[in-house]
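Okay, here's what each chain looks like letter by letter:
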Amino acid sequence: MNTLLLNDTTEDIEKAAKIIAAGGLVAFPTETVYGLGANALNPSAVDKVYAAKGRPSDNPMIVHIAEISDLERLAEDITKDMLILAEKFWPGPMTMVVKRKAVVPDNTTGGLDTVGIRMPNNDTALEFIKLAGCPIAAPSANLSGKPSPTTADHVIEDLNGNIDAVIKSDDCRVGIESTVIDMTGATPMILRPGILTQEDFSEALKKRVEMDPELNKRPDGKDFHPKAPGMKYKHYAPKAQMIIFQGDRQGVLAAIDTERTERESAGEKVYVIIYDDDMQKNAARRFFSNLRQADKEGADVILAAALTEEGVGFSVMNRMLKSAGYNIRNV
Ligand code: TXA
Ligand code: MG
């Protein structure tokens, strides 16, 4: 299959929409990461997404909509709290898990009776969903296990020849995937941390919002049961080995410096990731792209400084720890 490269013009977005209507796959930009889209209501189109990514089929997909009113087509038992969050955070980097209506096929939800819904904050994405005339199921447009793509080039690296088209547009400005919040229980619960935090949601709802307690674990394979199926898989792995240095900031910087010098004199190629701990949104925007850059440069090892695990820092660290396979050096 030849993957068609499209631009973000209306003419090209119309072509992309036609591919979706015909049951094909189109990668498209969102504000978080690129998504690999298919008609969410067409089971065989959705199956092709799993195949192209090499993704386990028990991992449910996020369904993308272009208007808040589309929520009613897909969700049962819509509550006041859901509408408050939709009004406040959509379009934006929030996925709400809600009870699904029967129109949403099993293939899209991995057999669950709930569905994750999101309205992305990206004009190209919204035009694409509108023109397609159907909700779009889209996981991140990477090969399963690889860092999520934040540019069209990243998508091409992973999926060229295996999908029908890519819409090339601005780079993703958030850089990590949406916050997933489960609205089906008595207390809302964050299943995947993102740029919108526990605080943002409790402020909007004026009530307590929980965080899936599993997210605080450092899983070693057994005894790890996160509520979002996708959180249990090996994720975001660069080709290079990765070490996270954690502790007092000065000590961390010194230890990274020493490690770098030693390794470079042994002939290794070293890639260093240090973000300003006060600029965590900036870290989120760059992290996946930095991992891919390290691989492109042929790094043998990535040395990374840990961020403080609070707010957005917690969300970036969730990805960083997985990328490193929880390989932490305490200094
Ligand atoms: O920012 C994003 O969310 C991006 C863009 C493309 O929108 N999409 C994305 O999709 O990250 P994906 O498939 O890579 O991650 C979806 C996550 C997985 O961890 C999955 O298990 C969880 O959301 N999820 C989806 N539906 C769910 C449901 N009904 N119940 C629990 N978890 C769900
Ligand atoms: Mg993903």
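Note that the coordinates shown come from a computational prediction; the quantities given were computed from them, not determined experimentally.

Asker: Quick rundown of the pattern of salt bridges? Include the residues and the values.
Answerer: All chains considered together, the criterion is met by 17 salt bridges. Residues lysine 15 and aspartate 12 are paired through a salt bridge, measuring 3.5 Å at the closest nitrogen-oxygen approach. Here the residue lysine 15 and the residue aspartate 12 both occupy positions in helix H1 (residues 10–21), the gap between them amounting to 3 residues, near one helical turn. Note that lysine 296 and glutamate 157 form a salt bridge whose closest N and O atoms lie 3.4 Å from each other. A residue pair is termed long-range when its members are at least 10 positions apart, and lysine 296 in helix H10 (residues 280–296) and glutamate 157 in helix H7 (residues 152–159) qualify at 139 residues. One salt-bridge network, held together by shared partners, links Glu157, Asp158, Arg292 and Lys296.

Asker: Got a sec to walk through the sheet that holds strand E15 (residues 301–305)? Specific residues and values, please.
Answerer: An order of E14-E15-E13-E16 is seen for the 4 strands of this open sheet, with the pairing classed as parallel. Among the strands making up the open sheet, the edge pair consists of strand E14 (270–273) and strand E16 (328–330). Each strand axis lies, on average, 25° off the axis of its neighbour in the sheet, ignoring direction. Looking at chain direction, E14 and E15 are connected through 4 bridges and run parallel. Paired with valine 272 across the bridge in E15 is leucine 303. Relative to E14, H10 is tilted by about 170°, and along the sheet it contacts strand E13 (241–246), E14 and E15.

Asker: Describe the environment of alanine 152, with residues and values.
Answerer: With respect to the helices, strands and loops of the structure, alanine 152 is situated in helix H7. Alanine 152 sits in the buried class, given a relative accessible area of 3%. Along the sequence, alanine 152 and valine 209 sit 57 residues apart, while their C-alpha atoms lie 35 Å from each other. Those residues in contact with alanine 152, other than ones at most four positions away along the chain, are Tyr34, Val166 and Lys168.

Asker: So what about the packing of aromatic side chains? Which residues, and what values?
Answerer: Counted according to the given criterion, the structure contains 4 aromatic pairs. Between phenylalanine 89 and phenylalanine 201, the aromatic rings sit 5.2 Å apart at their centres with planes inclined by 70°, giving edge-to-face as the arrangement. A residue pair is termed long-range when its members are at least 10 positions apart, and phenylalanine 89 in helix H4 (residues 80–89) and phenylalanine 201 in helix H8 (residues 198–205) qualify at 112 residues.

Asker: Just give me the short version of the nonpolar core, but keep the residues and values in it.
Answerer: Counting 91 residues, the largest nonpolar core has Leu85 and Met96 as the members making the most contacts within it. Setting aside chain neighbours within four positions, we find leucine 85 in contact with Trp90, Met94, Met96, Ile181, Met183, Phe201, Ala204 and Leu205. In terms of nonpolar packing, the next biggest core, distinct from the first, is built from 9 residues, Ile243, Ile256, Val270 and Val301 among them.

Asker: Quick rundown of the layout of surface pockets? Include the residues and the values.
Answerer: By volume, the largest pocket amounts to about 720 Å³. Forming the boundary of the largest pocket are 43 residues, of which Arg55, Asn59, Pro60, Ile62 and Arg192 lie nearest the centre. Every element with two or more residues in the lining of the largest pocket is listed here: strand E4 (62–64), strand E6 (94–100), strand E7 (114–118), strand E10 (179–182) and strand E11 (189–192). No other element matches the 4 residues that E7 contributes to the lining of the largest pocket. The residue makeup of the lining of the largest pocket, split by class, is 19 nonpolar, 16 polar and 8 charged.

What counts and what doesn't
- All residue numbers refer to positions counted from 1 along the written sequence of the respective chain.
- Written order decides the labels, with chains lettered from A and ligands numbered from 1.
- Selection of residues for local features in this predicted model requires a pLDDT of at least 70, selection of side-chain atom pairs for listing and counting requires 80 or more, and totals for whole chains, interfaces and linings are taken over all residues.
- Side-chain measures were taken over the full set of non-hydrogen atoms in the model, leaving aside hydrogen atoms and water.
- Salt bridge criterion: a side-chain nitrogen from Lys or Arg within 4 Å of a carboxyl oxygen from Asp or Glu.
- Strands here mean DSSP runs of E at least two residues long; helices mean DSSP runs of H or I at least four residues long; both are numbered from the N terminus.
- Two strands pair if DSSP finds at least two bridges between them.
- Lines fitted to C-alpha atoms define the axes here, with helix axes fitted over just the stretch in contact, and angles between the N-to-C directions of these axes take values from 0 to 180 degrees.
- Here, two residues are considered to be in contact whenever any of their heavy atoms come within 4.5 Å of each other.
- With a 1.4 Å probe rolled over the protein chains alone, any residue whose accessible area is under 20% of its type maximum counts as buried; one over 50% counts as exposed, and the rest are partly exposed.
- Here a pair means two rings of Phe, Tyr or Trp (six-membered ring of Trp) with centres within 6.5 Å. Their orientation is stacked below 30 degrees between planes, edge-to-face above 60, and tilted elsewhere.
- Side-chain atoms within 4.5 Å link the members of a nonpolar core, which is a set of buried Ala, Val, Leu, Ile, Met, Phe, Trp, Tyr and Cys residues.
- For cavity detection a 1 Å grid was placed over the protein atoms alone, and a set of points counts as a cavity when a 1.4 Å probe fits there but cannot get out; an open set counts as a pocket when protein lies on both sides within 12 Å along at least five of seven lines, with lining residues being those that have an atom within 4 Å of a point.
- Grid points are joined across faces, edges and corners, and a volume is the space filled by probe spheres set on the points.
- Residue classes follow a fixed rule: Ala, Val, Leu, Ile, Met, Phe, Trp, Tyr, Cys and Pro count as nonpolar, while Asp, Glu, Lys and Arg count as charged, and any other residue, Gly among them, counts as polar.

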